[in-house]
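# Structural overview
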Amino acid sequence: MKDKWLTWLLEKRSGGDAEQKRKTYEGLSPIRNKVIEHADIQAGDTVLDIGTGDGFIAFGVLEKHPDIDKMIFSDISDDTLEFCREATRSLKTEIPVEFLKTSAEKILLKDDTVDVLTARSVYIYVKDREKAFKEAHRVLKPGGRFSIFEPINLFSVQRRGGDYFGMDLSPIQEIADKFLKVLGYPHDTSNDPMLNFDERDLLDLAQEAGFTHIKLVYEARVSSKAKYMPWELLYNAPPNPNALSLKEAFEKSLTQEEHERAVAYMKNYMEKNDAKGGQAIAYLLAIK
């Protein structure tokens, strides 16, 4: 049985829908390309991908830079590392690869070991980001590049308003109170690693870790005519490996009749209303 990390990456993230899975990877490709581009990877570099997951960044490096010295896949999950190990066997790359079970907060490598450290949507799961950034600085060689991408989830939550993704749930408030409690609403933005930082914190963390040259690219988007995601995706796909899907929350907290009422109301609401809020993301490049 796959653990929660690999299960979410390969199945739950796309709600179990193959076409949505294809669209997810298609949407992530520009992010991967920017993380790799910002890292300025050179021939002979050793590259460490922290929180590699399904290896999306790491496999992109192998494809784009066949002249690197080594690619290190690292994660806290044995299952994701095994998935990447099997994938590299079928890839038959000649680049030496290593699979390292380690966390971002305590990287099991010696000082000054790697030339490049990459990560995508990893530090939103890290409670002690200060320690994690210092670890990144420690394992990088002088002149090493730290290239990461993080969603700024706090921006989206603050702009949405409403009970759930900006929806007005007051007509089904008694039902909504039940499933929102199971989903952990209202969010505690001060203690949730996914919500307790913004782009300025990333800059401060890099500077405090000892990086000397730091560049941050911040993008924020809002639209008064934004469309909600497809209902099937919102209903079936948990937003992260630690979260329940809306369907799972309904099943845990509602009667069958309440479940049906909630689905009917929320699906209709999404079809007739524009989505509130927006999206913010940040790319950070820091050089040791």
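Here's a quick rundown of the structure. (Residues numbered from 1 in each chain as written. Predicted model: local features only at pLDDT ≥ 70, side-chain atom pairs only at ≥ 80, totals over all residues. Heavy atoms only, no water.)

## Describing the environment of Val126
Note on placement: Val126 falls in the loop between β4 (114–120) and α5 (129–139). C-alpha of Val126 to C-alpha of Leu254: the two residues are 128 residues apart in sequence and 32 Å apart in space. (Helix = DSSP H or I, 4+ residues; strand = E, 2+ residues; numbered from the N terminus.)

## A word on the packing of helix α7 (residues 173–183) against helix α10 (residues 246–253)
Where α7 meets α10, the axes come as close as 9 Å, and the angle between the chain directions of the two elements is 115 degrees. With respect to the hand of their crossing, α7 and α10 are arranged in right-handed fashion. Only Leu246, Ala249, Phe250, Lys252 and Ser253 of α10 make contact with α7, whose side of the interface consists of Lys178, Phe179, Val182 and Leu183. Looking at side-chain class alone, the contact of α7 with α10 contains six nonpolar, one polar and two charged residues. (Axes fitted to C-alpha atoms, helices over the stretch in contact; angles between N-to-C directions. Left-handed = near helix turned anticlockwise from the far one by under 90°. Contact = heavy atoms within 4.5 Å. Nonpolar A, V, L, I, M, F, W, Y, C, P; charged D, E, K, R; others polar.)

## Description of unusual backbone geometry
Here the amide bond leading from Tyr185 into Pro186 is cis, since omega sits at -5 degrees, within 30 degrees of zero. Relative to the helices and strands, Pro186 is located in the loop between α7 and α8 (199–209). Phi is positive for Lys92, close to 60 degrees, though the residue is something other than glycine. Along the chain, the position of Lys92 falls in the loop between α4 (78–91) and β3 (97–101). Among the residues examined, Lys92 registers a relative accessible area of 70% and is labelled exposed. Unusually for a residue other than glycine, Phe165 sits at a positive phi of about 50 degrees. (Buried < 20%, exposed > 50% of the residue type's maximum accessible area, 1.4 Å probe, protein only.)

## Quick word on helix α6 (residues 153–160)
Within α6 the residues assigned to the buried category are Leu154, Phe155 and Ser156. The inward-facing, buried residues of α6 contact β6 (213–222) and β7 (278–287).

## Digging into the sheet that holds strand β2 (residues 70–75)
With mixed pairing, the seven strands of this open sheet are ordered in space as β3-β2-β1-β4-β5-β7-β6. The two strands at the open ends of the sheet, each matched to only one other strand, are β3 and β6. Between one strand and the next, the sheet's axes are offset by a mean angle of 15 degrees, whatever the strand orientation. Direction of pairing for strand β1 (residues 46–49) relative to β2: parallel, over a ladder of four bridges. By the bridge assignment for β2, Leu48 is matched with Ile72. Those strands touched by α5 are β1, β4, β5 (140–151) and β7, and its axis lies near 145 degrees from that of β5. Strands β5, β6 and β7 of the sheet are contacted by α8, whose axis makes an angle of about 170 degrees with β6. (Pairing = 2+ DSSP bridges.)

## A few points about the packing of α10 against helix α11 (residues 256–272)
The geometry of α10 relative to α11 is characterised by a closest axis approach of 9 Å and an angle of 150 degrees between their N-to-C directions. When the axes of α10 and α11 are compared, the crossing they make is right-handed. Touching Leu246, Lys247, Phe250, Glu251 and Ser253 of α10 are Glu258, His259, Ala262, Val263 and Met266, all from α11. Within the contact of α10 with α11, the residues separate by chemical class into five nonpolar, two polar and three charged.

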